[in-house]
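Results of the structural survey
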Amino acid sequence: MTTIVVVKKDGHCAIAADSQSTFGDTRLAAMDDARWNKIFQYDDNYFAICGSAAHDLVLQSALKKFKKLDFSNRAAIFESFRKLHRKLKDDFFLKTDEEDDDAYESSQMTVLIVNRHGIFGVYSLREVYEFERFWASGSGRDYAIGAMHAVYSQLSASDIAKVGVETGCMFDVASSLPMTLYSVEMKA
């Protein structure tokens, strides 16, 4: 339950996320959460995760166990998450069960990534997408995507991301402000 967005425009990429954590019907607002930032940095990459709150620390810890992983394009991200999946299972006891008819084991998380190469999404079966303009994940994603579409031609990447998260927080009960936002200049 969250609203996370990524935006690419005019040589800049942005990632933004709300701050609310949800435990069933109970919400943990930023004012009561000492670590409410849902975005973390690994090298020159920014990551935000949808799924269990446990994924945040697990993925950060797993990334530290590798000298260097490549997140510069779809194929490299796929290979990096393929390596991470084994580490998540072996060292962090990831439960890979999802649907009986899934073709592959699940990593149980959706991850949005921003770096100087672009904006990317990694889904539970390690499907990797590169987005051309913007995308969102989490329970507020539909609101965020609609809002970003409406303002894309008028604003900067960072401002579009702000509008996306603000709109997700306005209409999704599992998302709330404040937000965190990071931006990067794309590789020339």
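Described in the following lines is the structure provided in the data block. (Residues numbered from 1 in each chain as written. Predicted model: local features only at pLDDT ≥ 70, side-chain atom pairs only at ≥ 80, totals over all residues. Heavy atoms only, no water.)

Topic: the sheet that holds strand β5 (residues 39–42)
Heads up, the rule is: Strands were regarded as paired on the criterion that DSSP finds at least two bridges between them. Secondary structure elements follow DSSP: runs of H or I of four or more residues count as helices, runs of E of two or more count as strands, with numbering from the N terminus. In this analysis an axis means a line fitted to C-alpha atoms, helices contributing only their contacting stretch, and an angle means the value between N-to-C directions, from 0 to 180 degrees. The criterion used for residue contact is that any of the two residues' heavy atoms lie within 4.5 Å.
Taking strand neighbours across the sheet as the criterion, the 5 strands line up as β5-β6-β7-β8-β9 in an open arrangement whose pairing is antiparallel. The sheet is open, and its two borders are formed by β5 and β9 (128–131), each paired with just one other strand. Strand-to-strand, the axes of this sheet are offset by a mean angle of 25°, without reference to chain direction. Alignment of strand β8 (residues 118–122) against β9, held across 4 bridges, turns out to be antiparallel. Note that in β9 the partner of I119 across the bridge is F131. Most of the contacts of helix α1 (residues 54–64) go to strand β6 (residues 45–50), to which it runs at about 145°, and overall it touches β5, β6 and β7 (110–115). Across the face of the sheet, helix α2 (residues 74–92) comes into contact with β6, β7, β8 and β9 while running at roughly 145° to β9.

What about the nonpolar core?
Put simply, the rule is: What is meant by a nonpolar core is a set of buried Ala, Val, Leu, Ile, Met, Phe, Trp, Tyr and Cys residues, joined one to another through side-chain atoms within 4.5 Å. To sort residues, take the accessible area from a 1.4 Å probe on protein chains only and compare it with the maximum for the residue type: under 20% means buried, over 50% means exposed, and anything in between is partly exposed.
Ranked by size, the top nonpolar core spans 21 residues in total, and within it F47 and F71 carry the most contacts. Counting residues per element, the ones that place at least two in this core are β5, β6, α1, α2, β7 and β8. Per element, the largest residue contribution to this core is 4 residues, and it comes from α2. F47 has contacts with I15, K38, I39, F40, Y42, L59, L63, F71, F81, V111, L112 and I113, leaving out every residue within four places of it along the chain.

A few points about α2
Stated precisely, the cut-off is as follows: The span one expects for a helix is its residue count, reduced by one, times 1.5 Å. In protein, a polar contact means a hydrogen-donor-capable atom and an acceptor-capable atom, both N or O and within 3.5 Å, with residues adjacent in sequence counting only if both atoms are side-chain atoms; elsewhere, any N or O pair within 3.5 Å suffices.
Over its 19 residues, α2 extends 25 Å from the first C-alpha to the last, a length consistent with the 27 Å expected when each residue adds 1.5 Å. Of all the positions in α2, only A76, I77, S80, F81, L84, H85 and L88 are classed as buried. On its buried face, α2 is in contact with β6, α1, β7, β8 and β9. By the N-cap criterion, in which a side-chain oxygen at the helix start approaches the backbone nitrogen of a residue two or three places on, α2 is capped by N73, the distance to A75 being 3.1 Å.

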